[in-house]
Structures are given as C-alpha cells and as structure tokens.
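Coordinate inspection notes
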Amino acid sequence: EMRTPLNGIIGVNQLLQGTILSVEQRELCDLIATSASSLLAVISDILDLTRVEAGKLELEPVEFDVRHTVESSIDSLVMTAINKDIELVT
C-alpha cells in the first residue's frame, strides 16, 4: 500500500506535536502535517484515477470549507516562498 509509509510519518509527527516544542519547531511540525496531508491527497487522487480508468469509482458529494482549503494550500507554500525570497500576499 502506497499510503502506509506516509501514514507513519503523519503519526510520528502527531506524536512530536504532543511534546514541548519551540515556536519554530511547532511551525515546522505544522508544515509537515500540511504537506503530508497534501501528499496523501495526491496519492489518493492517483489511486482514484486508476479506479476511474477501471470503471470502478463511485462519486460522493462532500461538503468542505473553501476558505480553510485555500489557506491550507497557501500554508504548504510558505517555506518554498521564504526560501526563494518571495512574499506571499493573502
């Protein structure tokens, strides 16, 4: 299963978040969580695509918070922007 190692990373990061961390360490843990969740979603999308191609995908409507989704996407880009000296305007 492709998701198992990533779920391990997510689990260990959650354990780490339950410890005493500096502000910078907490921000990095939050970034790990956001990035890992995004990667897990990409992997799930790829697996869904294979189901679509095989004619085995069932669609289900799901409500979601657009603002939260966009903010999470931006959060995952923050470190890349900082490293490239790019200002993110939200």
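Cut-offs applied
Residues numbered from 1 in each chain as written. Predicted model: local features only at pLDDT ≥ 70, side-chain atom pairs only at ≥ 80, totals over all residues. Heavy atoms only, no water. Helix = DSSP H or I, 4+ residues; strand = E, 2+ residues; numbered from the N terminus. Contact = heavy atoms within 4.5 Å. Expected span 1.5 Å × (residues − 1). Buried < 20%, exposed > 50% of the residue type's maximum accessible area, 1.4 Å probe, protein only. Salt bridge = Lys/Arg side-chain N within 4 Å of Asp/Glu carboxyl O. Core = buried A, V, L, I, M, F, W, Y, C linked by side-chain atoms within 4.5 Å. Axes fitted to C-alpha atoms, helices over the stretch in contact; angles between N-to-C directions. Parallel < 35°, antiparallel > 145°, perpendicular 65-115°, else oblique. Left-handed = near helix turned anticlockwise from the far one by under 90°. Nonpolar A, V, L, I, M, F, W, Y, C, P; charged D, E, K, R; others polar.

**As for the environment of isoleucine 10**
Within the element layout of this structure, isoleucine 10 appears in helix α1 (residues 4-17). Note: C-alpha distance between isoleucine 10 and arginine 67 (57 residues apart in sequence) is 23 Å. If sequence neighbours within four positions are ignored, isoleucine 10 has contacts with Ala36 and Leu40.

**What about helix α2 (residues 23-53)?**
Between its first and last C-alpha, α2 extends 45 Å over 31 residues, near the 45 Å set by a 1.5 Å rise per residue. Those residues of α2 that fall on the buried side of the exposure criterion are Cys29, Leu31, Thr34, Ala36, Ile43, Ser44 and Leu47. Of the surrounding elements, those touching the buried residues of α2 are α1, α3 (66-75) and α4 (78-83).

**Description of the pattern of salt bridges**
Under the defined criterion, the tally for this structure stands at 1 salt bridge. Here aspartate 48 ties to arginine 51 by a salt bridge, and the two come within 2.5 Å at their closest N and O atoms. Of this pair, aspartate 48 and arginine 51 both sit in helix α2, 3 residues apart, which is roughly one turn of the helix. What makes arginine 51 partly exposed here is its relative accessible area of 34%.

**Things to note about the nonpolar core**
With 5 residues, the main nonpolar core is built from Leu6, Ile10, Ala36, Ile43 and Leu47. Going through the elements one at a time, α1 and α2 are the ones with two or more residues in this core. Residue contributions to this core peak at 3 residues, all from α2. Excluding anything up to four places from it in sequence, leucine 47 contacts Glu1, Met2 and Arg3.

**Some points on the side chain of asparagine 13**
Relative to the helices and strands, asparagine 13 is located in helix α1. The contacts of asparagine 13, once residues within four sequence positions are left out, are Cys29, Ile32 and Ala33.

**What about the packing of α1 against α2?**
Between α1 and α2, the least distance of the axes is 10 Å, while the angle of their chain directions is 160 degrees. By the angle class used here, α1 and α2 are roughly antiparallel. Viewed along their axes, α1 and α2 form a crossing whose handedness is left-handed. Across from Leu6, Asn7, Ile10, Asn13, Leu16 and Gln17 in α1, the residues of α2 making contact are Arg26, Cys29, Asp30, Ile32, Ala33, Ala36, Leu39, Leu40 and Ile43. Split by residue class, the contact of α1 with α2 holds 10 nonpolar, 3 polar and 2 charged.

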